[in-house]
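An overview of the molecular structure
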Amino acid sequence: QVQLVESGGGLVQAGGSLRLSCTASGNIRRIYAMGWYRQAPGKQRELVARITSGGSTNYADSVKGRFTISRDNAKNTVYLQMNSLKPEDTAVYYCNADLTIMTATYRRDYWGQGTQVTVSS
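Cut-off values and rules
- Residues numbered from 1 in each chain as written.
- Predicted model: local features only at pLDDT ≥ 70, side-chain atom pairs only at ≥ 80, totals over all residues.
- Heavy atoms only, no water.
- Salt bridge = Lys/Arg side-chain N within 4 Å of Asp/Glu carboxyl O.
- Buried < 20%, exposed > 50% of the residue type's maximum accessible area, 1.4 Å probe, protein only.
- 1 Å grid on protein atoms, 1.4 Å probe; cavity = no way out; pocket = protein on both sides within 12 Å on 5 of 7 lines; lining within 4 Å.
- Points joined across faces, edges and corners; volume = space filled by probe spheres on them.
- Nonpolar A, V, L, I, M, F, W, Y, C, P; charged D, E, K, R; others polar.
- Disulfide = S-S within 2.5 Å.
- Helix = DSSP H or I, 4+ residues; strand = E, 2+ residues; numbered from the N terminus.

**Observations regarding the pattern of salt bridges**
Pairing between side chains becomes possible if they bear opposite charge and their charged atoms approach one another. Per the stated rule, a full pass over the model turns up six salt bridges. When the shortest N-O distance is used, the salt bridge between Glu 46 and Arg 38 registers 2.7 Å. Taking the relative accessible area as the measure of exposure, Arg 38 reaches 6% and is therefore buried. With a shortest N-O distance of 2.8 Å, Asp 89 and Arg 66 are connected by a salt bridge.

Encoded structure:
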């Protein structure tokens, strides 16, 4: 009923930039927040950045000052601009949306399929 489609991952050298995009579609009533998580090999999935429908943001300490999350509510799309990338940013990045669908009143999380970001040293 709901799909999150990510794009923009790839291979980049340390110090470079990438921009991730994620669009939510389907039987959506309201999106409360969208965000990006990442999971490196052998590690747990962690929050990278999150933005509410009102524009409030929060970031992992490790990306503050380097990454910027933004959102286009009209397009149900969230972006992650990643600058000054480091090898330790290498991970699969997952889009997340906290939303309700038309046929329900409860909120739940939906996830994208993930996009690989690899930063070479």
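**Quick word on the layout of surface pockets**
It is a probe the size of a water molecule, rolled over the atoms, that shows where empty space is left. In this model, the largest pocket occupies a volume close to 150 Å³. Along the walls of the largest pocket sit Arg 38, Gln 39, Ala 40, Lys 43, Gln 44, Glu 46, Glu 88, Thr 90 and Ala 91, which together make up its complete lining. Taken together, the residues that form the lining of the largest pocket break down as two nonpolar, three polar and four charged.

**As for the state of the cysteines**
In total, this model carries one disulfide according to the counting rule given. Each disulfide pairs two cysteine sulfurs, and for Cys 22 the partner residue is Cys 95, the sulfurs being separated by 2.0 Å. Residues Cys 22 and Cys 95 are joined by a disulfide whose S-S torsion is about -85°; by sign, that bridge is left-handed. Placement of Cys 22 in strand E3 (residues 18-26) and of Cys 95 in strand E9 (residues 91-101) is noted, with a sequence separation of 73 residues between them.

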